[in-house]
Amino acid sequence: MLKSAEVSERISGLREKVLSTKPNVCTERAMFYTQAYAENEEKPIIIKRAIALEKTLLGMTIFIDEGELIVGNQSSSHRAAPIFPEYAVDWLPEEMDSLDKRSGDAFFITDEHKKELVEIAAWWKGKVLYDKGRALMSQELRDLQDSAIIKATGNLTSGDAHIAVDFYKILDVGLNGYLDEISLFHKQVKRYEQDGVRKDHFYTSLSISIKAFQAFIRRFQELAMQQAEASTNPERKNELLAISNNCQVIAEKAPENFYQALQLVYFVQLILQIESNGHSVSLGRMDQYLYPFYKKDIQTGNLTDEFASELLESTWIKLLSVNKIRPWSHTRFSAGGPLYQNVTIGGQTTEGLDAVNELSFLILHSVGKMKLTQPNLSVRFHKNISETFINECIRVIEKGFGMPAFNNDEIVIPELIKLGVEKDDAYNYSAIGCIEIAVPGKWGYRCTGMSFLNLMRVMLASMYDGLDKYSGKIFYKGIGNFADFNSFDELYKAWQHQIKFYAQKTVEIDTAVDTAIEEYVPDILCSAFVDSCISRGKTIKEGGSKYDFVSGLQVGIANLGNSLAAIKKLVFEEKKITKHELLQAIESDFEGKEGEKIRYMLLNFAPKYGNDDDYVDLLLRDAYLDFIVELEKYHTTRYNRGPIGCRYYAGTSSISANVPNGSVVPATPDGRKAFTPVAEGSSPSSGSDVLGPTAVFKSVSKLPTEKIMGGVLLNQKLTPATIKTDEDKEKLVSILRTFFTDLKGWHVQYNIVSRETLLAAKKDPEKYRDLIVRVAGYCAFFTNLSPDTQDDIIARTEQTL
Amino acid sequence: MIFNFQRFSTHDGPGIRTVIFYKGCPLHCDWCSNPESQAFGPSLMYDRKLCKSFGDCLKQESNYLSAGENGILIDWASVTKPEKLKDICASRALTVSGEEKSIGEILVEIEKDRSFFEQGDGGVTFSGGEPLSQGPELESLLEELYKLKIDVAIETSLYVSWENIERCLGRNINFLVDLKHTDSDKFERFTGGNAALVLSNIKKLAASRENIIIRVPVIPEFNHTFQEIKEIVDFTVSLKAVREIHFLPFHKLGSAKYEMLGMDYKYSGIRNLDVAEMAEYVVYAESVGLIAKIGG
Ligand code: SF4
């Protein structure tokens, strides 16, 4: 098994090249799409989009870089973000001049491109998804979004994605296989039926798209051949000939070996991200569908582990070179600009056996060696997972780039089955994007990431008779003011009253968004690769997929529990704080000595989620359930149109949305200052969990995780020294096992704490009370240490990282 | 009286453990890293860093608190009944360490992490202070845990009367015995105790076939020389029934607490020992047939 920490010179060169490329903007796609739309205005949208894709794939710049083994580019250069004007483009001329000055995710853009974009934007005025989607919404829904209580802007400016396609089938039948299937169904279309015309267009657009895809691959076949002919380096010549040959085969047929299979997978991944603007397009269970190819090649001696690893690493670099530019309003919600192209490994076979194989290790190690932000690597944990594999995962985690994350079969699989997913499909689920889950190739879009609901704004509105103080609007008249409530029960009823309303509104917004996406930006190629779109003659959005479950995201989970608990205990039970004092404190953002004292009482005298305290944990569970139970009443726009499910469930995989979501929330009764971040995902509020990781695991597992299938995100911090020895690692594995096997935890990922974090913790101990460090073999809370010991640890952390 | 339940403790016995820290210790070692554990009653602690001068503590009747320049002044010598200051300070600068807990309450705390114990031989470790200086309730608690089949370890200096030890026996307990020094003069100068009692208790305990691991805090100026450690190791070997020895390098994780308790810390100027400095001791202990480890 290959374990060398070194990558080849080729790989490190390619890696460097992509990493050092400053992201810029590529206008080619925008030009082709604009032309195609303009030239074909009379045609049905689905045909228009197929033609636009075709025009782009045939016309766009392609290149093969020196040393590349896996080929295919998304735009005219590495890391250049294509523009998707049909989704939203107004923002571009507006933000154009500040793109290179953004605090995160900066892009540079040439003056020439700026000019082009202004023209493009002018043509699209009033035609883009964003405008059309907004127009579908009632004034109330638009106001709700503008107030930032519910956010769904990203879904209109960027579309859906959050999907993995059916790579098993793609690798099995090849692109020609799809053409055959499409033509088979196309022939059966009854054009005399109401649905016939639409289906006819759908199949036409499918075959245009698949053929365009094939032509795109053939362009690489030719380019590789030309470069081979021109090459004076015999080694490189051979490589280019191999690339050309690979492309020739996979343009039509099923791949014959591991190399071709991987190349085809990458092409699919790439085209999906040229066709549509969504992120979290994921690769599914790569160690499973590629394994037969790998095994055969290894057995016949046609592949070595070294080369397989080099190919995987090449693919990871390619994934990184794919880029996306989003409006600042959306970028803020997903810091660092990753595209969340997830690769999932491990888990179980459909027979329930451990699915870890040699390729799982290769993928794990290759990702570990590259230390890039892409792909996003997830490991499916289950109780019989290979011990060696888990230990290796911890070693990769130790490298400190946050991967792999763990998802848990022990909860996901049984819950999927309960939702109506067939057993074999449930066993085949994979992570999508960061932590959410779906069955690759059988699931509709957006297993998560619909509307973001800001729970703390709702909680505050329930204290003011429905008034949202931040926007000054009453979206839903409440049942009274906190100042007049005589018991915690009354407040709780007010919460229930408000949250029901907002639950419904998130679905109303999603319905408008989905209706617009269905009508204005249907994805064709993506639908081809999802079961059963072809046989039903429907895009995914029209109900083509086998399953359809989606989730929005609820933000501010821990704050909700902590706020309710603080009020219940300190105001109503112990009467340490009066209602008036509390209101005054939060309204003034804890101003003055009195305000500050109230804040500290809220922080220190009330139980906090993350410490295994039923008082707050169960209160949070119930309050969240009030939302979930309401949400479960609704259906998606695909209901009764084909898919199994068409239901909503909860989700907390809100990535970095806790920051912008917090920035629109005034001070809250958990002692959180106004406009500071709310808690992340399902993790405890930062610094509030002071009893260590086992207590956090216990608290998180008290959430109704079985109903939060959109993801129960838990981020844990680790200092490098706490997992240094083998024994430390074993103990970490041991608590993971308990968390997943006994407590049925959903997910966990680890951030290795950096020196910067320790410095920040020294300065601001309050926010970092949960940091555990290790000195001379002992673990201690960092903020409890004396300054000189802290300095000592900081100095040593610098050395180890 | 208990001053802390520490969950996910990974260095006080096998597996994942919950450590229960008892208050009160008959010794007062100069290097002690849990100085709040020494007094048998509740202890007042004041962390100036956290103090926001809210002044609620000054409103309580006491003759030992007064307003200072930044924060408060404490006349440590006159501190009495600190428990009345419990939960007064909102910023948690002024806290009271130590609380009486019933067996039921302790069992509830233990139960919380029980699912984590089961993976990899974890359990409960009694520490302190000196857990064996506690009253007879400890025996009932040990009996309960024995019935619940929860693994138990006790960290002890054995500087207690033999009866206190004897009543715990026969419950498959792992004794993690601190053996600080074999020389009675040094032992007394640095800990205030009597080495002979400790050595005799260890011998008796070893003879009663209990599981024992000897733990040696390696402390600069006290026992951090090859000769002194060798004597401890040799004594351990002579016990026959003991197979394992751990060397615990001196650290100053507790230093901030001395200040918080108004106590003097004699080791403040001394640096943490490095794991590497234990190597020689480990080599020797292994050479005479012991299993030797650094840290818990
Ligand atoms: S025996 Fe332990 S708790 Fe007691 S004083 Fe010595 S070091 Fe501290």
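Residues numbered from 1 in each chain as written. Chains lettered and ligands numbered in written order. Predicted model: local features only at pLDDT ≥ 70, side-chain atom pairs only at ≥ 80, totals over all residues. Heavy atoms only, no water.

### Let's talk about the overall build of chain B
Helix and strand content of chain B: 10 helices and 12 strands. Against the compact-globule benchmark of 19 Å for 296 residues, chain B has a radius of gyration of 20 Å, which places it among compact chains. Along the longest, intermediate and shortest principal axes, the C-alpha atoms of chain B span 60 × 45 × 35 Å. For chain B, with 296 residues in total, the buried portion stands at 56%. When the accessible area of chain B is evaluated, it comes to approximately 12400 Å², of which 49% is carbon and sulfur surface. (Helix = DSSP H or I, 4+ residues; strand = E, 2+ residues; numbered from the N terminus. Rg over C-alpha atoms; globule rule 2.2 N^0.38 Å. Buried < 20%, exposed > 50% of the residue type's maximum accessible area, 1.4 Å probe, protein only. Areas by Shrake-Rupley, 256 points an atom, 1.4 Å probe, with all protein chains shown as cover.)

### A word on the overall build of chain A
Helix and strand counts for chain A stand at 34 helices and 21 strands. Expected size for 801 residues packed as a compact globule is a radius of gyration near 28 Å; at 26 Å, chain A falls within 12% of this value. Along the first, second and third principal axes, the C-alpha atoms of chain A reach 80 × 65 × 55 Å. A burial count over chain A gives 66% of its 801 residues as buried.

### Focus on the nonpolar core
The nonpolar side chains of a soluble globular protein tend to be buried, and buried together. Residues A:F258, A:M463 and A:F529 are the most contacted members of the largest nonpolar core, which totals 264 residues. No other element matches the 15 residues that helix α22 (residues 488-520) of chain A contributes to this core. Once residues lying within four places of it in the same chain are set aside, the contact partners of A:M463 are A:N481, A:F482, A:L491, A:I567, A:L582, A:L583, A:I586 and A:P669. Ranked by size, the runner-up nonpolar core spans 69 residues in total, among them B:W31, B:L169, B:F190 and B:L205. (Core = buried A, V, L, I, M, F, W, Y, C linked by side-chain atoms within 4.5 Å. Contact = heavy atoms within 4.5 Å.)

### Quick look at helix α12 (residues 258-275) of chain A
All names here are of chain A. With 18 residues, α12 should cover 26 Å at 1.5 Å per step; its first-to-last C-alpha distance of 26 Å lies within 8% of that length. The element α12 is extensively covered by neighbouring structure, given that 18 of its 18 residues are classed as buried. Sitting at the amino-terminal end of α12 is N257, which places a side-chain oxygen 3.2 Å from the backbone nitrogen of Y259. (Expected span 1.5 Å × (residues − 1). Polar contact = N/O pair within 3.5 Å; in protein donor to acceptor, adjacent residues only side chain to side chain.)

### Things to note about the environment of B:G104
All names here are of chain B. Mapped onto the fold, G104 is located in helix α2 (residues 103-112). Residue G104 is classed as partly exposed on the basis of its relative accessible area of 39%. Between the C-alpha atoms of G104 and E144, which are 40 residues apart in sequence, the distance is 10.0 Å.

### A closer look at the site of the ligand
The environment of the ligand is formed by B:C25, B:L27, B:H28, B:C29, B:C32, B:S37, B:Q38, B:G129 and B:K180. Of the residues belonging to the shell around the ligand, the class tally is 4 nonpolar, 4 polar and 1 charged. (Near = heavy atom within 4 Å. Nonpolar A, V, L, I, M, F, W, Y, C, P; charged D, E, K, R; others polar.)

### A few points about the packing of aromatic side chains
Scanning all chains against the criterion turns up 39 aromatic pairs over all chains. An angle of 35 degrees between the planes, with centres 5.4 Å apart, marks the rings of A:W443 and A:F549 as tilted. A residue pair is termed long-range when its members are at least 10 positions apart, and A:W443 in the loop between β11 (436-438) and β12 (452-454) and A:F549 in strand β15 (residues 547-551) qualify at 106 residues. Just as A:W443 is buried, A:F549 falls in that class too. Ring plane angle 25 degrees and centroid distance 5.9 Å describe the contact between B:Y22 and B:F126, whose orientation is recorded as stacked. Of this pair, B:Y22 sits in strand β2 (residues 17-22) while B:F126 sits in strand β7 (residues 123-127); the two residues are 104 residues apart in sequence, bridging distant segments of the chain. (Phe/Tyr/Trp six-rings, centres within 6.5 Å; stacked < 30°, edge-to-face > 60°.)

### So, the domain arrangement of chain B
Residues and elements named next belong to chain B. Looking at the assigned domains, one finds that chain B contains domain 1 (2-38 + 99-294) and domain 2 (43-97). Counting the surface lost from both domain 1 and domain 2, the interface buries some 770 Å², and carbon and sulfur atoms represent 62% of this. On the domain 1 side of the interface with domain 2, the three residues burying the most area are K23, M260 and L261, jointly 60% of the side's total. At the surface where domain 1 touches domain 2, the tally comes to 1 salt bridge. E99 is the salt-bridge partner of K86, the closest N and O atoms lying 3.7 Å from each other. The tally of links between domain 1 and domain 2 comes to 2 residue pairs in polar contact (both at pLDDT 80 or more). Partitioned by chemical class, the residues of the side of domain 1 that touches domain 2 number 3 nonpolar, 1 polar and 5 charged. (Domains from an automatic or database assignment. Buried area = accessible area lost by both parts, 1.4 Å probe. Salt bridge = Lys/Arg side-chain N within 4 Å of Asp/Glu carboxyl O.)

### Considerations on the interface of chain B and chain A
Across the boundary between the two partners, chain B contributes 36 residues, which contact 39 residues of chain A. Interface area, chain B with chain A, both sides summed: about 3300 Å², of which 58% is carbon and sulfur. Counting the contacts that link chain B with chain A gives 3 salt bridges. Across the pair A:K597 and B:D56 runs a salt bridge whose closest N-O atoms are separated by 3.0 Å. At the boundary of chain B and chain A, one finds 12 residue pairs in polar contact (both at pLDDT 80 or more).

### Some details on helix α7 (residues 139-146) of chain A
Taken together, the buried positions of α7(A) are A:L141, A:D143, A:L144 and A:Q145. In this fold, the buried residues of α7(A) make contact with α6 (129-136), β3 (150-151), α8 (153-158), β14 (473-474) and α22 of chain A.

### Some words on the pairing of strand β19 (residues 747-752) of chain A
All names here are of chain A. Most of β19 is tucked away: 5 of the 6 residues are buried. Both strand β9 (residues 405-408) and β19 contribute to a ladder of 2 bridges, which runs antiparallel. Across the sheet, the residue bridging to F406 is V748, located in β19. Here strand β18 (residues 715-718) runs beside β19; their pairing, made up of 4 bridges, is parallel. (Pairing = 2+ DSSP bridges.)

### Overview of the sheet that holds strand β12 (residues 291-294) of chain B
Residues and elements named next belong to chain B. With mixed pairing, 8 strands are arranged side by side in an open sheet as β1-β2-β7-β8-β9-β10-β11-β12. The open sheet is flanked by β1 (2-9) and β12, the only strands paired with a single partner. Strand-to-strand twist in this sheet, taken as the mean axis angle between neighbours without regard to direction, amounts to 20 degrees. Taken together, the 4 bridges between β7 and strand β8 (residues 151-156) define a ladder with parallel strand orientation. Considered in β8, the bridge of V124 is made with V152. Set on the sheet, α2 makes contact with β1, β2 and β7; between it and β1 the angle comes to about 15 degrees. The strands that helix α7 (residues 195-207) touches are β9 (174-178) and β10 (211-218); relative to β9, the one it contacts most, it runs at about 160 degrees. (Axes fitted to C-alpha atoms, helices over the stretch in contact; angles between N-to-C directions.)

### A word on the side chain of A:K608
Residues and elements named next belong to chain A. By the element assignment, K608 lies in the loop between α28 (592-604) and α29 (614-631). Buried and without a salt bridge, K608 has D670 as its closest oppositely charged side chain, separated by 7.2 Å. Look past the residues within four positions of K608 in its chain and what remains in contact with it is N562, L602, L603, V616, D670 and S688. (Lys, Arg positive; Asp, Glu negative; His and termini not counted.)

### Details of the pattern of salt bridges
Summed over the entire model, instances satisfying the criterion amount to 79 salt bridges over all chains. With a closest N to O distance of 2.9 Å, A:K702 and A:D612 form a salt bridge. Highlighted residues: A:K702 in the loop between α31 (693-701) and β18 and A:D612 in the loop between α28 and α29, separated in sequence by 90 residues. Under the relative-accessibility criterion, A:K702 is labelled buried at 14%. A residue is classified by how much of its surface remains accessible, and A:D612, at 5% relative accessible area, is buried. Here the salt bridges share partners, and the residues they tie into one network are A:D612, A:D614, A:D617, A:K698, A:K702, B:R7 and B:D113.

### Things to note about the pairing of β8(B)
Consecutive side chains along a regular strand alternate between the two faces of the sheet. Residues and elements named next belong to chain B. With 5 of 6 residues buried, β8 is to be regarded as a mostly interior element. Chirality of the crossover, the property in question, places the unit of β7, helix α4 (residues 137-147) and β8 among those that are right-handed. Two elements, β8 and β9, share 4 bridges in a ladder whose sense is parallel. Its bridge partner lying in β9, I154 is registered against F175. (Right-handed = clockwise from strand over helix to strand, strands pointing away.)

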